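# Structural characterization, general
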Amino acid sequence: MAKSKAACKLDGRFYRVAANQEDVMKIDFSGKKAIVCGGSRGIGKAIAVGFAACGGDVSICARDPKVLEEARAEIARHGHKAHAGSADLAKGDAVRGYVRDAVAALGGVDLLVNNASAFGGSDDDKGWSSSLAIDMMAIVHATQEALPALKQSQGNVINISSIAALHPAARQPPYGAIKAAVIHYTITQAAMYAKDRVRVNCIAPGSIEFPDGVWDRRKTENPTLYNATLASIPFGRMGYAEEVANVALFLASPFASWVTGQAIAVAGGQGL
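Residues numbered from 1 in each chain as written. Predicted model: local features only at pLDDT ≥ 70, side-chain atom pairs only at ≥ 80, totals over all residues. Heavy atoms only, no water.

### Examining the overall build of the protein
Spelled out, the test is: Secondary structure is summarised from DSSP: a helix means a run of H or I of at least four residues, a strand means a run of E of at least two, and numbering begins at the N terminus for each. We compute the radius of gyration from the C-alpha atoms alone; for a globule the expected value is 2.2 Å times N to the 0.38, where N is the number of residues. A contact between two residues is defined here by any heavy atoms of the two lying within 4.5 Å. Here the open area of atoms and residues is found with the Shrake-Rupley method and a 1.4 Å probe, where only the protein chains shown may cover a residue. This count recognises Lys and Arg as positive and Asp and Glu as negative, with His and chain-terminal groups excluded. Charge placement uses NZ in Lys and CZ in Arg. For Asp and Glu, CG and CD serve respectively.
Assigned secondary structure in the protein consists of 8 helices and 9 strands. For the protein, whose C-alpha radius of gyration is 18 Å, the value lies close to the compact-globule estimate of 19 Å for 272 residues. Summarising its shape, the C-alpha atoms of the protein cover approximately 55 × 45 × 40 Å along the three principal directions. Long-range pairs, those at least 24 residues apart, make up 69% of the contacts in the protein between residues at least 6 apart in sequence. Put simply, the protein shows about 12900 Å² of open surface, and 55% of that area lies on carbon and sulfur atoms. Across the protein, the mean location of the 29 positive side-chain charges is 4 Å away from that of the 25 negative side-chain charges.

### Thoughts on the confidence of the model for the protein
We apply this condition: How sure the predictor is of each residue is captured by pLDDT, a score from 0 to 100.
For the protein, per-residue confidence averages 91 on the pLDDT scale, and residues scoring 70 or more make up 91% of the total. Long-range and interchain partners of residues 1–23, a stretch whose pLDDT sits below 50, account for 42 contacts in this model, where long-range means more than four residues apart.

### A word on the side chain of R199
Note the threshold: Exposure classes here rest on a 1.4 Å probe applied to the protein chains alone. A residue is buried below 20% of its type maximum, exposed above 50%, and partly exposed in between. Any carboxyl oxygen of Asp or Glu within 4 Å of a side-chain nitrogen of Lys or Arg constitutes a salt bridge here. Any pair of N or O atoms that falls within 3.5 Å is considered a polar contact. Within protein, one atom must be able to donate a hydrogen and the other to accept it, and sequence-neighbouring residues count only if both atoms are side-chain atoms.
In this structure, R199 sits in strand β8 (residues 199–205). Among buried charged residues, R199 stands out as having no salt bridge; its nearest opposite-charge side chain is D110, 10 Å away. Within the structure, the side chain of R199 is placed 2.9 Å from the backbone oxygen of A256, a separation counted as a polar contact.

### Concerning the pattern of salt bridges
Scanning the entire structure with this criterion turns up 14 salt bridges. Across the pair R96 and E145 runs a salt bridge whose closest N-O atoms are separated by 3.5 Å. Residue R96 is located in helix α3 (residues 92–106), and its partner E145 is located in helix α4 (residues 125–153); the two are separated by 49 residues in the primary sequence. When salt bridges with common partners are traced through the structure, they connect R41, D212 and R217 into a single cluster.

### Description of α4
Counted only if it meets this: For a helix, the expected span equals 1.5 Å multiplied by the residue count minus one. To get the bend at a residue, fit one axis to the 7 residues ending there and another to the 7 starting there, then take the angle between the axes.
The terminal C-alpha atoms of α4, which comprises 29 residues, lie 39 Å apart, in line with the 42 Å expected from a rise of 1.5 Å per residue. When the local axis directions of α4 are compared, the greatest deviation, roughly 55 degrees, occurs at L147, which is followed within four positions by the proline P148. Among the residues trailing α4, Q154 stands out with phi positive, at a value near 50 degrees.

### So, the packing of helix α1 (residues 42–53) against helix α8 (residues 241–252)
The following threshold applies: To obtain an axis, a line is fitted to C-alpha atoms, over the contacting stretch when the element is a helix, and the angle between two such axes runs from 0 to 180 degrees between their N-to-C directions. Here the angle decides the label: under 35 degrees means roughly parallel, over 145 means roughly antiparallel, 65 to 115 means roughly perpendicular, and every other value means oblique. Here is the rule for handedness: rotate from the far helix to the near one, and if that takes an anticlockwise turn smaller than a right angle the crossing is left-handed, while a clockwise turn gives right-handed. All residues other than Ala, Val, Leu, Ile, Met, Phe, Trp, Tyr, Cys, Pro, Asp, Glu, Lys and Arg, Gly among them, are scored as polar; the first ten of these are nonpolar and the last four charged.
Interaxial distance between α1 and α8 falls to 8 Å at its minimum, and their mutual angle equals 50 degrees. Here α1 is positioned oblique relative to α8, judged by the angle of their axes. Here α1 runs over α8; the crossing is right-handed. Along the contact surface, α1 presents G42, I43, A46, I47, G50 and F51, while α8 presents A241, E242, V244, A245, A248 and L249. When its residues are assigned to classes, the contact of α1 with α8 shows 9 nonpolar, 2 polar and 1 charged.

### Overview of the sheet that holds strand β7 (residues 156–160)
Applicable threshold: Two strands pair if DSSP finds at least two bridges between them.
Read across the sheet, 7 strands follow the order β5-β4-β3-β6-β7-β8-β9 without closing on themselves; strand pairing throughout is parallel. The open sheet has two free edges, formed respectively by β5 (82–86) and β9 (263–266), since each of these has just one partner strand. Adjacent strand axes in the sheet meet at a mean angle of 15 degrees when their direction is disregarded. Strand direction decides the pairing type here: strand β3 (residues 33–37) and strand β4 (residues 57–62), joined by 5 bridges, are parallel. Across the sheet, the residue bridging to A34 is V58, located in β4. α4 contacts β3, β6 (111–114) and β7 of the sheet and is inclined by roughly 180 degrees relative to β6.

Set out below in structure tokens:
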């Protein structure tokens, strides 16, 4: 058989998948539907674009209408249904309303991604309340609203946590603690929904750099912290959003049909 190069393109960055066509693990989401809460930029956007690139229909939400529409248009370029809704994920009614609209627009849901974060840093009421509302309760509200459709499709949920959940987080006490709760809740969800054949997993990214993201800003705003963090990563670089998306797409696919209740670090060895 003739050799051929296979690659996928996410966010303008190409990754070689395999040298020989027969070695490619082909993920096909044709006819499948994904809802990505917090999908207009960074990790959420990379997952949404990747899902569409594999043939699926996608809905995303965020607060900024302009950025949201730009992301929706990029998803739509893959030729499948692309829906977007503006929502403040700190508000339970807004989360539930968006998910209802997304399920209706897509005609169901096979994958729910809970990605939004408040990045709560201050050890005060504001830091804790924002982290609890967006990083934790938005997962509860979105999953509960999507659950009937997920049971029907025997779909799956992917919650985005952080490696901050696995280590002391002195700079961001609320962020680390709530992300640890996300991992625990993921395991609990997996146990609760297994009888319905709904899988629930969690990804814990390390330091991920993308345009106008936290680490992109810290490169100029706090170069000392940026360089110290970079030096702590065994792979010698920050991660890409697409590298997190690759793991999410695997977890959402039939190749991960026996994987549930797991928290997978995508961090280039950071924290080891």
